[in-house]
Amino acid sequence: MKITIASGKGGTGKTTIATSLALSLAAELTPPPLFLDCDVEAPNAHLFLKPTFEQRQDVGILIPRVDEAKCTHCGKCAEVCQYHAIAVLGTKTLVFPQLCHGCGSCTALCPEHAITEIPDVMGVVERGVTPEGISFARGVLDVGEPMAVPVIRQLKKWAVPQPGQVVVRDAPPGTSCPVVKVMRGADYVVLVTEPTPFGLHDLRLAVQVARELNIPVGVIINRDGSGDAGVDEFCAAVGLPVLLRNPFERAIAEGVAQGKNLVEIHPEYTAHFRQIFNQITTALS
Ligand code: SF4
Ligand code: SF4
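Reference entry: report on the structure contained in this document. (Residues numbered from 1 in each chain as written. Chains lettered and ligands numbered in written order. Predicted model: local features only at pLDDT ≥ 70, side-chain atom pairs only at ≥ 80, totals over all residues.)

1. As for the overall build of the chain
(1) Moving on: Scanning the chain from N- to C-terminus turns up 11 helices and 11 strands.
(2) Moving on: For the chain, the C-alpha atoms occupy an extent of roughly 70 × 40 × 40 Å along the three principal directions.
(3) Moving on: A total of 285 residues make up the chain; the buried ones form 45% of that total. (Helix = DSSP H or I, 4+ residues; strand = E, 2+ residues; numbered from the N terminus. Buried ≥ 20, exposed ≤ 12 C-beta atoms within 10 Å, placed from the backbone.)

Here it is in structure tokens:
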């Protein structure tokens, strides 16, 4: 079973929920879960789960390099490129590596065979094990690199679960392409939100994405009691189960700021998260 933990906006406590769920299941499941930190622009789940990394692999794409001696500036490469990553300007054919998705179409269609492809490293994937036996893997996008999706794609391919192993994926915040990439293939999406108008706005968008992908959704409300009833009303109106409510509490905020997860701050949360897992299992059966 693959569970993606996501949130329409940053700062809702998504990673705290994802890591707490994985920790709560570690002693319950054999094998313990596989945790994927897919928030590749700002991965921080390792701070909560403290894995020892054992393997590392560069992630990159192949970008075109034009041999000006062979190029006739016919423009076919620019015509085929959906991303405007290659352009012919007079007698120059220019490649913009930061826009290139490495699809290879320009190379394949160049009538003069003037294009070769060179690897461009944009990040890494790493994996290891936590003290509780959770298999942990994460992607890290290099600073300044604009495209998270290739790193997420490689992470999902590289960190393959064992037969029967539950996968917990921590998605990036928002509802853009990287989030869609992380949600895709999940059996269930848990959306973490907070009871504010901003939280509700972003929750609506995230629910829309999950429903377009045909994935069932449950909601966790963090800082419950601190805002208004909009999120509750929305969940009731569209039939979304509220799996958990975390109160707006000083001890939780201070604990999280010190790198603790919910089950360390309040051990009784282990039972809450196991119950959430059972609810998800029942919903999928
Ligand atoms: S398709 Fe090939 S020959 Fe034509 S402009 Fe591009 S690189 Fe040059
Ligand atoms: S590899 Fe694909 S994305 Fe990159 S320049 Fe060529 S056609 Fe465009």
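2. Some words on the site of ligand 1
(1) Moving on: Taken together, 14 residues surround ligand 1, and among them Cys71, Cys74, Lys76, Cys77 and Cys110 come closest.
(2) Moving on: Class assignment for the residues of the shell around ligand 1 results in eight nonpolar, four polar and two charged. (Near = placed C-beta within 6 Å. Nonpolar A, V, L, I, M, F, W, Y, C, P; charged D, E, K, R; others polar.)

3. Comments concerning the site of ligand 2
(1) Moving on: If you check the shell around ligand 2, you find 13 residues, and the closest are Cys81, Ala85, Cys100, Cys103 and Cys106.
(2) Moving on: Along the lines of polarity and charge, the residues of the shell around ligand 2 split into nine nonpolar, four polar and no charged.

4. Points about the pairing of strand E9 (residues 188-193)
(1) Moving on: Counting buried positions over the six residues of E9 gives six, a clear majority of the element.
(2) Moving on: Relative to strand E10 (residues 217-224), E9 is paired through five bridges, and the arrangement is parallel. Bridge pairing in E10 places Leu191 opposite Val219.
(3) Moving on: The handedness of the E9 to E10 crossover, carried by helix H7 (residues 197-212), is right-handed. (Pairing = 2+ DSSP bridges. Right-handed = clockwise from strand over helix to strand, strands pointing away.)

5. Topic: unusual backbone geometry
(1) Moving on: That bond from Thr30 to Pro31 is cis: its omega, -5 degrees, falls within 30 degrees of zero.
(2) Moving on: Tracing the backbone shows Pro31 in the loop between helix H1 (14-26) and strand E2 (34-37).
(3) Moving on: One non-glycine residue, His84, adopts positive backbone phi at about 55 degrees.
(4) Moving on: As for its position among the elements, His84 is in the loop between helix H3 (76-80) and strand E4 (86-89).
(5) Moving on: On the basis of neighbour counts, which here come to 10 C-beta atoms within 10 Å, the residue His84 falls in the exposed class.
(6) Moving on: Backbone geometry places Arg223, a non-glycine residue, at a positive phi of 55 degrees.
(7) Moving on: If you trace the backbone, Arg223 turns up in strand E10.

6. Things to note about the nonpolar core
(1) Moving on: Judged by nonpolar contacts, the single largest core of 67 residues is most densely connected at Ala22, Val190 and Leu191.
(2) Moving on: Here this core gets seven residues from one element, more than from any other, and that element is H1.
(3) Moving on: In contact with Leu191, not counting residues within four places along its chain, are Ala6, Ser7, Leu203, Ala206, Val207, Val217 and Val219.
(4) Moving on: Residues Ala85, Cys100, Cys106 and Cys110 belong to the second largest nonpolar core, which totals 11 residues. (Core = buried A, V, L, I, M, F, W, Y, C linked by C-beta atoms within 7 Å. Contact = placed C-beta atoms within 7 Å.)

7. A short note on the packing of H1 against helix H11 (residues 269-284)
Describing two packed helices takes the angle between their axes plus the distance from one axis to the other.
(1) Moving on: Axis separation between H1 and H11 bottoms out at 9 Å; the angle between their running directions is 90 degrees. With respect to H11, the axis of H1 lies roughly perpendicular. Contacts between H1 and H11 involve Ser20, Leu21, Ser24 and Leu25 on the former and, on the latter, Tyr269, Thr270, Phe273, Arg274, Ile276 and Phe277.
(2) Moving on: Of the residues belonging to the contact of H1 with H11, the class tally is six nonpolar, three polar and one charged. (Axes fitted to C-alpha atoms, helices over the stretch in contact; angles between N-to-C directions. Parallel < 35°, antiparallel > 145°, perpendicular 65-115°, else oblique.)

8. Examining H7
(1) Moving on: Across its 16 residues, H7 extends 23 Å between first and last C-alpha, which sits within 8% of the 22 Å expected from 1.5 Å per residue.
(2) Moving on: Of all the positions in H7, only Gly199, Leu200, Asp202, Leu203, Ala206, Val207, Val209 and Ala210 are classed as buried.
(3) Moving on: Where H7 is buried, its residues touch strand E1 (2-6), helix H6 (177-183), E9, E10 and helix H8 (230-238).
(4) Moving on: Asn214, located one to two residues past H7, shows a positive phi value of around 65 degrees. (Expected span 1.5 Å × (residues − 1).)

9. Quick look at the packing of H7 against H8
(1) Moving on: Two elements in contact, H7 and H8, have axes whose closest approach is 9 Å; the angle formed by their N-to-C orientations is 25 degrees. Classified by the angle between their axes, H7 and H8 sit roughly parallel to one another. Residues Pro197, Gly199, Leu200, Leu203, Arg204 and Val207 of H7 form the contact with H8, whose own contacting residues are Gly230, Val231, Phe234 and Val238.

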